[in-house]
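Residues per chain are reported as follows:
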Amino acid sequence: MFNSSSIPIMVGSVRKGFDRSKWGQKSAGLILPLLGILVFIGMWSAVAKNVDTSLGQFPGPAQVWEQTGSLWAEHQAQQQKADAFYARQAERNAQRVALDPSYEPKIRDFTGAPTFIEQIWTSLYTVMVGFALASLVAVPLGIVCGLSKSAYSAMNPLIQLFKPVSPLAWLPLVTIVVSATYISDDPMFSKSFVTSAITVALCCLWPTLINTAVGVSSIDTDLLNVSKVLRLNAITHIIKIVLPSSIPMIFTGLRLSLGIGWMVLIAAEMLAQNPGLGKFVWDEFQNGSSESLARIMVAVFTIGIIGFVLDRIMLSLQQWVSWDKTAITR
Amino acid sequence: MKKHHLELSQIGIDFPTPKGPFNALTNVNLKIAQGEFLSLIGHSGCGKSTVLNIVAGLYQATYGGVILNGQEVNEPGPERAVVFQNHSLLPWLSVYKNVELAVRQTRNGRSRKEIKEWVDHNLALVHMTHAKDKLPSEISGGMKQRVGIARALSMQPKVLLMDEPFGALDALTRAHLQDSLMEIHAQLGNTVIMITHDVDEAVLLSDRIVMMTNGPSATIGEVLDVDIDRPRDRIALADDTHYNHCRHEVLRFLYEKQKKVESVSSRTTPQRRQHQVGTDAA
């Protein structure tokens, strides 16, 4: 990066034993991102002071940090309550069994309101189910579209038609259909969960489908010829040739899909009232206390960090699955 | 008298273009005997690869057909194994697994143990046993081509089709592989059709050299018999008058009779992969 011979003015600093190129690498790796974050926090707190809302001043970094602590404290308090509840229940059941051996103890779940941490888990669980559902459909369908030009021609108008549809347009339809069809006395999943997961699935189908189709259709002709000469049957052809060579594109699609799914989920949960992060944001918005905005900001950062972590996990998964360990993936 | 076991009869092919069909090959007739080593030579874009692809079954001839042991062939199959120019090994499989895939496809009722022995045998034939657990990206170009040959041989093909097998290699590696190929051919006696650009390679390896005219509507120009005794030694042959006469014949065909004038503006790669019909010859 720094070619000291061509810039003699900088030689002064090199003479002092200050290795510019090493410094350059370190600054690029750690110092510059930190600097970016610091500048952002500074600007945020400066701007926040000047924004007055009906719920008071817009929260700055300090208030948001405070609320992060209080959400964690609430979670721990709630967990203690739950532990105490289960301990009491177990004790009571033991007593009743001791008095009357024929009594079958009833185990009831703790019914306290879900805490922020529990809502994060609900969201993660919902997005994963929706994403898995979409991938199970999109990858095989993408392979079919990539292998057969006719299948692609048949599917393409539908893909182009449904790809840009917002989750908010799907949601009412999905809600009504789920209410009408998912009827059971002892439902395994709540309706709000099913609705949210299906909405997520509908929106994150497309990037995986399109990228898989492109990846499969752009396999090296020589490798296809090898397959023809060997007379590989369809299954062997897909396992030995198609999948390994389109893994990078499939994963590009999966990563885009998961990103979209996570974004869509928040909106879906708001409207479907699935007890995840979306509902948290909505409830805080409706609550309208002086702390609400700071708590929503906590949710905003949480959503961002989890989205980033999910993408990194997909990246590691791609590197683990891919045959080409030297390939640069980002 | 050897019997003809591979016959190319009146082969011609048209490629569809927006301006109507483009006749790339016409009236290609060849009778090839069992165990014969045949080279196809000609300028780039003249349809050598197209001939090979038709014999392999990867292209369908528009006119005429290919007859192998009395039966017409229309689709690719392991009895006509192909050694591709750029090796075409599956990059995610090790050297061993690449050959094993071919052996499994043509197992002929082999047991697990026999499959392993057969893979090892073919890798030994091309002197690649030492690198059998390496990935293709970890070995040199010459080694990859050796594995490509081992994979083709492991299918026990009736005809071995080689599309400029050594074209992408440096001269020393090429000489090594040519010697290996002569050895293997002497040992197994497969029928071989090889495409080449290299006059020395054609004369050294072949029993017959088929020289093709320039396209469009390319066809066979001349056929040269190379009756030099085997085994052939490249150093001894360098001063051999008959060898030099053969070289001379091929060179004269390529550079006098079929002299190719290629204008710079219309230069495109010959239609090898994209089914793109070259406009360079027009």
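Note that the coordinates shown come from a computational prediction; the quantities given were computed from them, not determined experimentally.

Q: Please provide a residue-by-residue account of the overall build of chain A, values included.
A: Assigned secondary structure in chain A consists of eleven helices and two strands. N-terminal to C-terminal, the α/β element order of chain A is α-α-β-β-α-α-α-α-α-α-α-α-α. A compact globule built from 330 residues should have a C-alpha radius of gyration of about 20 Å, whereas chain A, at 27 Å, is more than 25% larger. Based on the C-alpha atoms only, the size of chain A along its principal axes is roughly 85 × 70 × 45 Å. Sequence-distant contacts, at least 24 apart, represent 71% of the contacts inside chain A between residues at least 6 apart.

Q: Which residues make up the overall build of chain B, and what values go with them?
A: Summing up its helical and strand segments, chain B has eight helices and ten strands in all. Radius of gyration (C-alpha) of chain B: 19 Å, near the 19 Å computed for a compact globule of 282 residues. Taking the principal axes of its C-alpha atoms as reference, chain B extends roughly 55 × 50 × 45 Å. Looking at the 282 residues of chain B, the share that counts as buried comes to 41%. Once local pairs closer than 6 in sequence are excluded, the contacts in chain B between residues at least 24 apart make up 69%.

Q: Could you give an account of the nonpolar core, with specific residues and numbers?
A: Counting residues in hydrophobic clusters, the biggest one holds 132 residues, and the most contacted among them are A:Val200, A:Cys204, B:Val55, B:Val99, B:Leu161, B:Ile193 and B:Val250. Those residues in contact with B:Val99 that sit more than four places away from it in its chain are B:Val119, B:Asn122, B:Leu123, B:Val147, B:Ala150, B:Arg151 and B:Ser154.

Q: How would you sum up unusual backbone geometry? Please name residues and give values.
A: Glycine aside, the phi torsion of most residues is negative, and most peptide linkages are trans. Residue and element names in this part refer to chain B. With an omega dihedral of -5°, the bond running from Arg-230 to Pro-231 counts as a cis peptide bond. Mapped onto the secondary structure, Pro-231 falls in the loop between β10 (220-225) and α7 (234-237). Its identity is not glycine, yet Ser-217 carries a phi of approximately 55°, on the positive side.

Q: Describe in detail the sheet that holds strand β6 (residues 80-83) of chain B, supporting the description with residues and values.
A: Residue and element names in this part refer to chain B. Pairing is mixed in the open sheet, where six strands are placed in the order β6-β7-β8-β3-β9-β10. The open sheet is flanked by β6 and β10, the only strands paired with a single partner. Neighbour-to-neighbour, the strand axes of this sheet turn through a mean angle of 20°, independent of strand direction. Summarising the sheet, strand β9 (residues 208-212) and β10 pair through five bridges and their orientation is antiparallel. The residue bridging Arg-208 from the neighbouring strand is Asp-225, located in β10.

Q: Any chance you could break down the environment of A:Ala48 for me, citing the residues and the numbers?
A: Summarising the element assignment, A:Ala48 is placed in helix α2 (residues 20-49). Residues in contact with A:Ala48, not counting those within four places in the same chain, are A:Gln57, A:Phe58, A:Pro59 and A:Gly60.

Q: Residues and numbers for the sheet that holds strand β1 (residues 4-15) of chain B, please.
A: Residue and element names in this part refer to chain B. If you trace the four strands from one edge of the open sheet to the other, you get β2-β1-β4-β5, paired in antiparallel fashion. Whereas interior strands pair on both sides, the edge strands pair on one side only; in this sheet they are β2 (22-33) and β5 (71-73). Adjacent strand axes in the sheet meet at a mean angle of 30° when their direction is disregarded.

Q: Tell me about the interface of chain B and chain A, and please be specific about residues and values.
A: Contacts between chain B and chain A engage 17 residues on the former and 14 residues on the latter. Mapped onto the side of chain B that touches chain A, the elements with two or more residues apiece are β6 and α2 (95-105) of chain B. Looking at the side of chain B that touches chain A element by element, the count peaks at three residues for α2(B). Here the residues of the side of chain B that touches chain A are counted per class, giving twelve nonpolar, four polar and one charged.

Q: Help me get a handle on helix α11 (residues 292-321) of chain A, residues and values and all.
A: Residues and elements named next belong to chain A. Between its first and last C-alpha, α11 extends 43 Å over 30 residues, near the 44 Å set by a 1.5 Å rise per residue. Those residues of α11 that fall on the buried side of the exposure criterion are Ser-292, Leu-293, Ala-294, Arg-295, Met-297, Val-298, Ala-299, Ile-303 and Met-314. Looking at the buried positions of α11, the neighbouring elements they touch are β1 (52-53), α3 (61-99), α9 (234-272) and α10 (277-287).

Q: Residue-level account of the packing of α3(A) against α11(A), with values.
A: Between two packed helices, the angle of one axis relative to the other and the distance separating the axes together describe the packing. Residues and elements named next belong to chain A. At a minimum axis separation of 8 Å, α3 and α11 run at an interaxial angle of 80°. Viewed along their axes, α3 and α11 adopt a mutual orientation that is roughly perpendicular. Along the contact surface, α3 presents Gln-63, Val-64, Gln-67, Thr-68 and Leu-71, while α11 presents Ala-294, Arg-295, Met-297 and Val-298.

Q: An account of the confidence of the model for chain A is requested, with residue identities and associated values reported.
A: On average, residues of chain A score 86 in pLDDT, and 90% of them are at 70 or above. This model gives residues 1-15 of chain A a pLDDT under 50, and the stretch forms 13 contacts once residues within four places in sequence are excluded.

Q: Quick one: what's the story with the environment of A:Gln160, residue by residue and with numbers?
A: On the secondary structure map, A:Gln160 appears in helix α5 (residues 149-162). Between the C-alpha atom of A:Gln160 and that of A:Leu265, which follows or precedes it by 105 residues, the distance is 22 Å.

Q: I'd like to hear about the packing of α2(B) against helix α3 (residues 112-125) of chain B, residue by residue, with values.
A: Residues and elements named next belong to chain B. Look at α2 against α3: their axes get within 9 Å of each other, and the N-to-C directions meet at 125°. Relative to α3, the element α2 lies oblique. Viewed along their axes, α2 and α3 form a crossing whose handedness is right-handed. Contacts between α2 and α3 pair Tyr-96, Val-99, Glu-100, Val-103 and Arg-104 from the former with Ile-115, Trp-118, Val-119, Asn-122 and Leu-123 from the latter. By residue class, the composition of the contact of α2 with α3 is seven nonpolar, one polar and two charged.

Q: Please provide a residue-by-residue account of the confidence of the model for chain B, values included.
A: All names here are of chain B. Within chain B, residue pLDDT values average 85, and 91% of them lie at 70 or more. Note that pLDDT drops below 50 for residues 265-282; the model gives that stretch 28 contacts with residues more than four away or on any other chain. Scored by ipTM, the complex comes to 0.83, with pTM at 0.80.

Q: Tell me about the pairing of β9(B), and please be specific about residues and values.
A: Residue and element names in this part refer to chain B. The element β9 is extensively covered by neighbouring structure, given that four of its five residues are classed as buried. Where strand β3 (residues 37-41) and β9 come together, four bridges link them in parallel fashion. Across the sheet, residue Ile-41 finds its bridge partner in β9, namely Met-211.

Q: Give a description of α10(A) that names residues and reports values.
A: Residues and elements named next belong to chain A. Of all the residues in α10, the buried ones are Leu-277, Gly-278, Lys-279, Phe-280, Val-281 and Glu-284. Buried positions along α10 lie against α4 (116-147), α9 and α11. Following α10 by one or two positions, Gly-288 has its phi on the positive side, about 65°.

Parameters at a glance
- Residues numbered from 1 in each chain as written.
- Chains lettered and ligands numbered in written order.
- Predicted model: local features only at pLDDT ≥ 70, side-chain atom pairs only at ≥ 80, totals over all residues.
- Helix = DSSP H or I, 4+ residues; strand = E, 2+ residues; numbered from the N terminus.
- Rg over C-alpha atoms; globule rule 2.2 N^0.38 Å.
- Contact = placed C-beta atoms within 7 Å.
- Buried ≥ 20, exposed ≤ 12 C-beta atoms within 10 Å, placed from the backbone.
- Core = buried A, V, L, I, M, F, W, Y, C linked by C-beta atoms within 7 Å.
- Pairing = 2+ DSSP bridges.
- Axes fitted to C-alpha atoms, helices over the stretch in contact; angles between N-to-C directions.
- Nonpolar A, V, L, I, M, F, W, Y, C, P; charged D, E, K, R; others polar.
- Expected span 1.5 Å × (residues − 1).
- Parallel < 35°, antiparallel > 145°, perpendicular 65-115°, else oblique.
- pLDDT = per-residue confidence, 0-100.
- Left-handed = near helix turned anticlockwise from the far one by under 90°.

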